[in-house]
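One-letter residues, chain by chain:
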Amino acid sequence: QVQLVESGGGLVQAGGSLRLSCAASENIFSINAMGWYRQPPGKQRELVATIITGGTANYADSVKGRFSIASDNAGYTVYLQMNSLKPEDTAVYYCYADLKTTRWAPVRHYWGQGTQVTVSS
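Everything quoted here is computed from the prediction, not taken from an experiment. (Residues numbered from 1 in each chain as written. Predicted model: local features only at pLDDT ≥ 70, side-chain atom pairs only at ≥ 80, totals over all residues. Heavy atoms only, no water.)

Colleague: Which parts of the structure should I look at to understand the overall build of the protein chain?
Modeller: When helices and strands are counted, the protein chain shows zero helices and eleven strands. Rg of the C-alpha trace for the protein chain: 14 Å, near the compact-globule value of 14 Å for 121 residues, within the 12% margin. For the protein chain, the spread of C-alpha atoms along the principal axes amounts to about 50 × 25 × 20 Å. Within the protein chain, counting contacts between residues at least 6 apart in sequence, those at least 24 apart form 57% of the total. Carbon and sulfur atoms make up 47% of the accessible area of the protein chain, which totals about 6600 Å². The centroid of the 10 positive side-chain charges in the protein chain is displaced by 3 Å from the centroid of its 8 negative side-chain charges. (Helix = DSSP H or I, 4+ residues; strand = E, 2+ residues; numbered from the N terminus. Rg over C-alpha atoms; globule rule 2.2 N^0.38 Å. Contact = heavy atoms within 4.5 Å. Areas by Shrake-Rupley, 256 points an atom, 1.4 Å probe, with all protein chains shown as cover. Lys, Arg positive; Asp, Glu negative; His and termini not counted. Charge placed at Lys NZ, Arg CZ, Asp CG, Glu CD.)

Okay, structure coming up:
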């Protein structure tokens, strides 16, 4: 069973930095893309950043220039470096992965459990 295990959330003052990590478990054949969504209090989940196989990254306009996404060489761990944090970045951050568990399996979308990021003013 695929699991995405997140770490690195917490409380930080405005202007500070945090680094989130998300590690995919074993039993994976290939990963097409990994990334992060977030859900602010009382709002819908929104895409923050993605990275696809080969290293191409995309960001929401609200985080461009402040957040950076990267993956390890194996591609099974994704990181989100968050700098110059603002109170409006406060949200539960969810890792996701689009992957195949076997050569013949379809690509499926998996979610992590979420990690809270709180930015105080």
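That shown, we press on.
Colleague: It is not clear to me how the layout of surface pockets should be interpreted in this structure. Could you clarify?
Modeller: In this model, the largest pocket occupies a volume close to 170 Å³. Elements supplying a minimum of two residues to the lining of the largest pocket: β4 (30-39) and β5 (46-52). Ranked by the residues each element gives to the lining of the largest pocket, the list is headed by β4, at four residues. For the lining of the largest pocket, the residue count by class is seven nonpolar, seven polar and one charged. (1 Å grid on protein atoms, 1.4 Å probe; cavity = no way out; pocket = protein on both sides within 12 Å on 5 of 7 lines; lining within 4 Å. Points joined across faces, edges and corners; volume = space filled by probe spheres on them. Nonpolar A, V, L, I, M, F, W, Y, C, P; charged D, E, K, R; others polar.)

These figures capture arrangement, not role.
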